[in-house]
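Take a look at the letters that make up each chain.
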Amino acid sequence: MSEAVAVAVAERFRELYGADPDGVWAAPGRVNLIGEHTDYNDGFVMPFALPHVAVAAVARRADGVLRLHSADIEGGVVELRLDELAPQSDRNWTAYPAGVVWALRDAGHDVTGADVHLTSSVPTGAGLSSSAALEVVVALALNDLYALDLEGRQLARLCQRAENVYVGAPTGIMDQTASACCETGHALFLDTRDLSQRQIPFDLAAEGMRLLVVDTRVKHAHSDGEYGKRRAGCEKGAALLGVDALRDVPFDGLAAALERLADEEEVRRLVRHVVTEDERVERVVSLLEEGDTRAIGPVLTEGHASLRDDFRISCPELDLVVDTALSAGALGARMTGGGFGGSAIVLAQAADVDTLTKAVEEAFAAAGFTAPRVFEAVPSAGARRIS
Ligand code: GLA
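Here is what the cut-offs are and how they apply
- Residues numbered from 1 in each chain as written.
- Predicted model: local features only at pLDDT ≥ 70, side-chain atom pairs only at ≥ 80, totals over all residues.
- Heavy atoms only, no water.
- Near = heavy atom within 4 Å.
- Polar contact = N/O pair within 3.5 Å; in protein donor to acceptor, adjacent residues only side chain to side chain.
- Nonpolar A, V, L, I, M, F, W, Y, C, P; charged D, E, K, R; others polar.
- Domains from an automatic or database assignment.
- Disulfide = S-S within 2.5 Å.
- Buried < 20%, exposed > 50% of the residue type's maximum accessible area, 1.4 Å probe, protein only.
- Core = buried A, V, L, I, M, F, W, Y, C linked by side-chain atoms within 4.5 Å.
- Helix = DSSP H or I, 4+ residues; strand = E, 2+ residues; numbered from the N terminus.
- Contact = heavy atoms within 4.5 Å.
- Pairing = 2+ DSSP bridges.
- Axes fitted to C-alpha atoms, helices over the stretch in contact; angles between N-to-C directions.
- Parallel < 35°, antiparallel > 145°, perpendicular 65-115°, else oblique.
- Left-handed = near helix turned anticlockwise from the far one by under 90°.
- Patch = residues over 30% accessible without salt bridge, like charges linked within 9 Å, V, L, I, M, F, W, Y side chains within 5 Å.
- Areas by Shrake-Rupley, 256 points an atom, 1.4 Å probe, with all protein chains shown as cover.
- Salt bridge = Lys/Arg side-chain N within 4 Å of Asp/Glu carboxyl O.
- Lys, Arg positive; Asp, Glu negative; His and termini not counted.
- Charge placed at Lys NZ, Arg CZ, Asp CG, Glu CD.
- Buried area = accessible area lost by both parts, 1.4 Å probe.

Novice: Please provide a residue-by-residue account of the site of the ligand, values included.
Specialist: Around the ligand lies a shell formed by Arg 30, Glu 36, His 37, Asp 39, Tyr 40, Thr 171, Gly 172, Met 174, Asp 175, Tyr 227, Gly 337 and Gly 338. Interatomic distance of 2.7 Å between a side-chain N/O atom of Glu 36 and an oxygen atom of the ligand. Contact distances for the ligand include 2.5 Å between an oxygen atom and a side-chain N or O atom of Asp 39. Among the residues making up the shell around the ligand, the classes are represented as three nonpolar, five polar and four charged. Mapped onto the domain boundaries, the shell around the ligand takes at least three residues apiece from domain 1 (3-199 + 381-385) and domain 2 (203-376).

Novice: Residues and numbers for the state of the cysteines, please.
Specialist: Under the counting rule described, the total for this entry stands at zero disulfides. Cys 182 carries a free sulfur, and the closest cysteine sulfur to it, the one in Cys 181, is 7.5 Å from it. For Cys 182, a relative accessible area of 5% translates into the label buried. Just so you know, Cys 234 is unpaired, no disulfide at all, and the nearest cysteine sulfur is the one on Cys 315, 19 Å from it. Relative accessible area serves as the criterion here: at 1%, Cys 234 is assigned to the buried category.

Novice: Describe the nonpolar core, listing the residues and the values that go with them.
Specialist: Of all hydrophobic cores here, the largest spans 84 residues; its most connected members are Leu 33, Met 46, Val 58, Leu 142 and Leu 211. With 10 residues, the single largest contributor to this core is helix 3 (residues 130-145). Built from parts of two domains, this core gets at least three residues from each of domain 1 (3-199 + 381-385) and domain 2 (203-376). Excluding its chain neighbours within four sequence positions, the residues that come into contact with Met 46 are Asn 32, Leu 33, Ile 34, Ala 187, Leu 188, Phe 189, Ile 200, Val 281, Val 284, Val 285 and Leu 288. Within the second largest apolar cluster, 37 residues are counted, among which are Leu 212, Val 249, Val 274 and Leu 318.

Novice: Break down the sheet that holds strand 11 (residues 343-349) for me, with residues and values.
Specialist: In space, the four strands of this open sheet follow the order 10-11-9-12, with antiparallel pairing throughout. The strands lining the two open edges of the sheet, one partner per strand, are strand 10 (332-336) and strand 12 (373-376). Averaged over all adjacent pairs, the angle separating strand axes in this sheet is 25°, with direction ignored. Across four bridges, the pairing between strand 9 (residues 209-215) and strand 12 is antiparallel. The partner of Leu 212 across the bridge, within strand 12, is Glu 376. Of the strands in this sheet, strand 9, strand 10 and strand 11 are in contact with helix 10 (residues 316-327), which crosses strand 10 at around 170°. Where helix 11 (residues 353-367) meets the sheet, it contacts strand 9, strand 11 and strand 12, and its direction lies at approximately 20° from that of strand 9.

Novice: Kindly report on the packing of helix 8 (residues 265-289) against helix 9 (residues 296-309), identifying the contributing residues and their values.
Specialist: Two elements in contact, helix 8 and helix 9, have axes separated by 10 Å at closest approach and are oriented at 170°. One finds that helix 8 runs roughly antiparallel with respect to helix 9. Viewed along their axes, helix 8 and helix 9 form a crossing whose handedness is left-handed. When helix 8 is examined against helix 9, the residues Arg 269, His 273, Thr 276, Glu 277, Arg 280, Arg 283, Val 284, Leu 287 and Leu 288 are found in contact with a partner set consisting of Ile 296, Val 299, Glu 302, Gly 303, Ser 306, Leu 307 and Asp 309. Per-class residue counts for the contact of helix 8 with helix 9 are six nonpolar, four polar and six charged.

Novice: Lay out a negative patch on the surface with the relevant residues and their values.
Specialist: Together, Asp 203, Glu 207, Glu 290 and Asp 292 make up a region of like negative charge exposed at the surface. The topology assignment puts Asp 292 in the loop between helix 8 and helix 9. Relative accessible area serves as the criterion here: at 36%, Asp 292 is assigned to the partly exposed category.

Novice: Which residues make up the sheet that holds strand 8 (residues 196-201), and what values do they have?
Specialist: Read from one edge to the other, the open sheet built from three strands follows the order 2-7-8, with strand pairing classed as antiparallel. Lying at the two open borders of the sheet, with one neighbouring strand each, are strand 2 (44-45) and strand 8. Pairing of strand 7 (residues 186-191) with strand 8 involves six bridges; the strand directions are antiparallel. For Leu 188, the partnering residue across the bridge sits in strand 8 and is Gln 199. Along the sheet, helix 5 (residues 174-181) contacts strand 2, strand 7 and strand 8; its crossing angle with strand 7, the most-contacted strand, is approximately 135°.

Novice: Report on the domain arrangement of the chain, specifying residues and quantitative values.
Specialist: Segmenting the chain into domains produces domain 1 (3-199 + 381-385) and domain 2 (203-376). Between the C-alpha centres of domain 1 and domain 2 there is a distance of 26 Å. In this complex, domain 1 contributes 34 residues to the contact, which on the side of domain 2 involves 44 residues. Overall, the association of domain 1 and domain 2 removes approximately 3100 Å² of surface from exposure, summing both partners, and the carbon and sulfur fraction of that is 61%. Of the charged contacts in the structure, one is a salt bridge between Arg 247 and Asp 191, with a shortest N-O distance of 2.8 Å. Only strand 1 (23-32), strand 2, strand 3 (47-60) and strand 7 provide two or more residues apiece to the side of domain 1 that touches domain 2.

Novice: I'd like a description of the side chain of Glu 317, backed by residues and values.
Specialist: Position of Glu 317 among the secondary structure elements: in helix 10. An unpaired buried charge is present at Glu 317: no salt bridge exists, and Arg 217, the closest side chain of opposite charge, is 12 Å distant.

Novice: Please set out the pattern of salt bridges residue by residue, giving values where relevant.
Specialist: Across all of its chains, the model carries 28 salt bridges by this definition. A salt bridge links Arg 269 to Glu 265; the shortest N-O distance between them is 3.5 Å. Note that Arg 269 and Glu 265 are positioned in helix 8 at a spacing of four residues, about one turn of the helix. On the basis of relative accessible area, Arg 269 is assigned to the buried category, the value being 10%.

Okay, structure coming up:
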C-alpha cells in the first residue's frame, strides 16, 4: 500500500466533500488456505490477507447523516439518515458500509455520522472477500474516529452482523476476521467458536514455492441460496447428532456419526465434509509448524475433492483449474471461498509457475471458458490506518 494511494484518495475526498478527511484506512481481501464452510459450524479456518485492499477516506459528522461515495461504482454521493437505516432496506453496494454503521449503533456505540469515500482493488465476485474488506475498512475508521476501542475480532463480529442482518447474507465470521486480524507473512489459524487465533508463519517464497490465485471469472451466481441450503443442512446434521455444531463431532467419531445418519444421504455428505475439513486444517497447521510446507499440497487437494464430491459446491471451471494444475506438476490445488465460481488456489514450486499458468490458460481456451486471471498471493497485512 503506497503513500501515493492514501494521498490520491484523500484528494478525491476533498473534491467530493470540500474538506479534508480525518484519516485514510485500508482493509484487505483474503484467500482461504484451508477450512472451507467450517466457519458457520464453529470450526477451524486458515485464511491469509491479500495485498489487494479496500481504502476509505473518512471524516466524522455530528448531524446524524452518512454520506457514501465509491470510486468504483457509477453514481454520485449517496446520502442516508442514520435514524432511517433499516435491515434489508438497501440492495446496493451502500448496504455494506451503511450496515456497519447500523451494527455499531445497534450495539450502543454513539456514532453520529460520517462522510466516506471508498475505493477497492479487491476483485469483486471472485470469492476474495471484497465485501468484507469494505465492511472492515469502514468499521476500523469509525472505531478510530469515535475512539470506540474495539479489538479486531470485535469489529469482525460487528461486520458479520452487518452482513447477516443488514445486508441479509447468512455468511460466517471468517472473511471479516481475516481482513481485520491477518498479519504480513502469516496465515491466521482461527477457531471460529471463540475467535481465538494463532498467527502461523507462512513464507512460501523463502522455501522456493508460490501460491497462485486463479480467478475463474465465474461470478458466484445463485450462491446465496445454495450457501444458505448448505448451512441449513449442516445445522440439521448437528441437530440430528445432538451437538451444538458440527465442530463437536470428533474426527475419530465420524464413522459412528455417519452410521447414525444412514437415512440422510445429503446431510451425511455435508457432515463428512465439515468434520474432515476441520481435521485438514489441523493437519496443515501441524505441517507448517513442523516446517514441512510442501506436504500441505496433497491436503489442499483432498479438501477440493471433499468440496466437489461431498459438499457439491465446485463448478467445471474450478475443477479444470485444479485438474490442469495437478497434471502440470502443482503440489496441490483447490477451490477457495464460498464456491460455485470465484477462485482456486494452486501451490507450486517457483520454477513451475510459468508452465502452470500457461497450462491453465490453454485449458480454459480449449474448453471455451473466459480467460482466467492468475496472480501470486503473498500473505499481507490486515486492516490498518494508512494516513
Ligand atoms: C464465504 C463466507 C464465509 C465462509 C466461506 C466458505 O466466503 O463469507 O463466511 O463460510 O464462504 O468457507
